[in-house]
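Okay, here's what each chain looks like letter by letter:
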Amino acid sequence: MLIRTTTPMNRFTRQHFRKRPAFWRRMIEHSSTADDMAVKAILFDLDNTLIETSRAGEVALIKTSEFLKTTLGLDDSTVCTICDKFKQKLFHENFDCSAGQTIDDVRAHHWEESIKETVGNCSTPSLPAQCYNMWKSSRLELLTLSPQVCNLLKQLRSRYKLLLLTNGVAQTQREKVATAGCEEFFDAIVIAGEHKEQKPFPSIFRLCFSMLEVEALDCVMVGDSLDTDIQGGLNAGVRATVWINSAGGGASEKPDYTITTVLELPDILAQLQ
């Protein structure tokens, strides 16, 4: 079947028409010139996209483990068990701010439980809070935008509207944003934890589109999570999704593009023009 349209169907269009036919039919319906198809805005995830959150967390755990070994006189194996338990509690964390606790309280309790489950007791009442404060401060110290990422964002902002969209507990994500100094690089910052729904729900993306005064088809979504960033972008109908796959694994969802670092993004954007 031949689809006739005044919209130019370039190599990118032909390549992705088969993969996302409904998307491209909407694109054709809404576009009549090359200018209409131009990318106007980029939505960025934060953690493990612009800042190396996972690496920072691992370094912070090493520092905390050394503190535990010195304080409690434990061997490496026992300390590793405590830290592994903390990581698991962090991974399965379900924070509810309406319960009257702060995220700091909850995560200090993770350390308390991890210590008690491993060695049977917590010799010093203040030890869990000390562990948490050390882990948190050590992690934040490393959550910075590299000079290369800063330069990239400056270059992109001269041409596109930029928005930072990050999931997570509001306090924690605000601290990361402030520590990394993100504000100067973005037209808007959305902490999804401050809203009713987070990525991948379309509502949080619609909020972003409204803030930037753009349409979904004007936007590219860039992030490392297939479940939230890529699926969310697909749910919202963005022009293209770009997956940051630093680990080199396969994809269950189908991003439009895959790169190993956000620094490769300009090559993708050049194909979208």
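Look a little higher up for the structure.
A brief report on the enclosed structure follows. This is a predicted model, so every value here is computed, not measured.

1. Section: the overall build of the protein
(1) Moving on: Check the secondary structure of the protein and you find eleven helices and six strands.
(2) Moving on: Across the 273 residues in the protein, those meeting the buried criterion constitute 44%.
(3) Moving on: Pairs at least 24 apart in sequence give 66% of the contacts found in the protein among residues at least 6 apart.
(4) Moving on: On the protein, roughly 13,600 Å² of surface is accessible, and the fraction owed to carbon and sulfur atoms is 50%.

2. Some details on the side chain of Thr 172
(1) Moving on: Mapped onto the elements, Thr 172 comes out in helix α8 (residues 170-180).
(2) Moving on: Excluding its chain neighbours within four sequence positions, the residues that come into contact with Thr 172 are Ile 103, Arg 107 and Arg 139.

3. Things to note about helix α10 (residues 226-236)
(1) Moving on: Leu 226, Asp 229, Ile 230, Gly 232, Gly 233 and Ala 236 are the residues of α10 that are buried.
(2) Moving on: Tucked inside the fold, the buried residues of α10 contact α9 (202-212), β4 (219-223) and β5 (240-244).
(3) Moving on: For α10, the capping residue at the N-terminal end is Ser 225, with a side-chain oxygen 3.4 Å from the backbone nitrogen of Asp 227.
(4) Moving on: Of the residues flanking the end of α10, it is Gly 237, one or two places downstream, whose phi is positive at about 80°.

4. Overview of the sheet that holds strand β1 (residues 41-44)
(1) Moving on: One open sheet holds the six strands; their spatial order is β3-β2-β1-β4-β5-β6, and the pairing between them is parallel. Of all the strands in the sheet, the pair left with one neighbour each is β3 (188-191) and β6 (257-259). Strand after strand, the sheet turns through a mean of 20° between neighbouring axes, direction not considered.
(2) Moving on: Bridge count between β4 and β5: four bridges; the pairing is parallel.

5. Brief notes about empty space enclosed by the protein
(1) Moving on: Here the structure, examined in full by the defined rule, presents two cavities of 30 Å³ or more.
(2) Moving on: Counted as a void, the largest cavity has a volume near 70 Å³.
(3) Moving on: Every residue lining the largest cavity is listed: Ile 103, Asp 104, Arg 107, Tyr 132, Trp 135, Lys 136, Arg 139, Leu 140, Gln 171, Thr 172 and Glu 175.
(4) Moving on: Those elements that provide at least two residues to the lining of the largest cavity are α5 (103-119), α6 (127-142) and α8.
(5) Moving on: Tallied by class, residues from the lining of the largest cavity come to four nonpolar, two polar and five charged.

6. A look at the pairing of β1
(1) Moving on: Alternating positions in β1 separate into two faces, Ala 41 and Leu 43 on one and Ile 42 and Phe 44 on the other, with burial throughout.
(2) Moving on: Where β1 meets strand β2 (residues 161-166), four bridges bridge the pair, whose relative direction is parallel. Within β2, the position partnered with Ile 42 by the bridge is Leu 162.
(3) Moving on: Here β1 pairs with β4 via four bridges, running parallel. For Ala 41, the partnering residue across the bridge sits in β4 and is Cys 219.

Conventions used here
- Residues numbered from 1 in each chain as written.
- Predicted model: local features only at pLDDT ≥ 70, side-chain atom pairs only at ≥ 80, totals over all residues.
- Heavy atoms only, no water.
- Helix = DSSP H or I, 4+ residues; strand = E, 2+ residues; numbered from the N terminus.
- Buried < 20%, exposed > 50% of the residue type's maximum accessible area, 1.4 Å probe, protein only.
- Contact = heavy atoms within 4.5 Å.
- Areas by Shrake-Rupley, 256 points an atom, 1.4 Å probe, with all protein chains shown as cover.
- Polar contact = N/O pair within 3.5 Å; in protein donor to acceptor, adjacent residues only side chain to side chain.
- Pairing = 2+ DSSP bridges.
- Axes fitted to C-alpha atoms, helices over the stretch in contact; angles between N-to-C directions.
- 1 Å grid on protein atoms, 1.4 Å probe; cavity = no way out; pocket = protein on both sides within 12 Å on 5 of 7 lines; lining within 4 Å.
- Points joined across faces, edges and corners; volume = space filled by probe spheres on them.
- Nonpolar A, V, L, I, M, F, W, Y, C, P; charged D, E, K, R; others polar.

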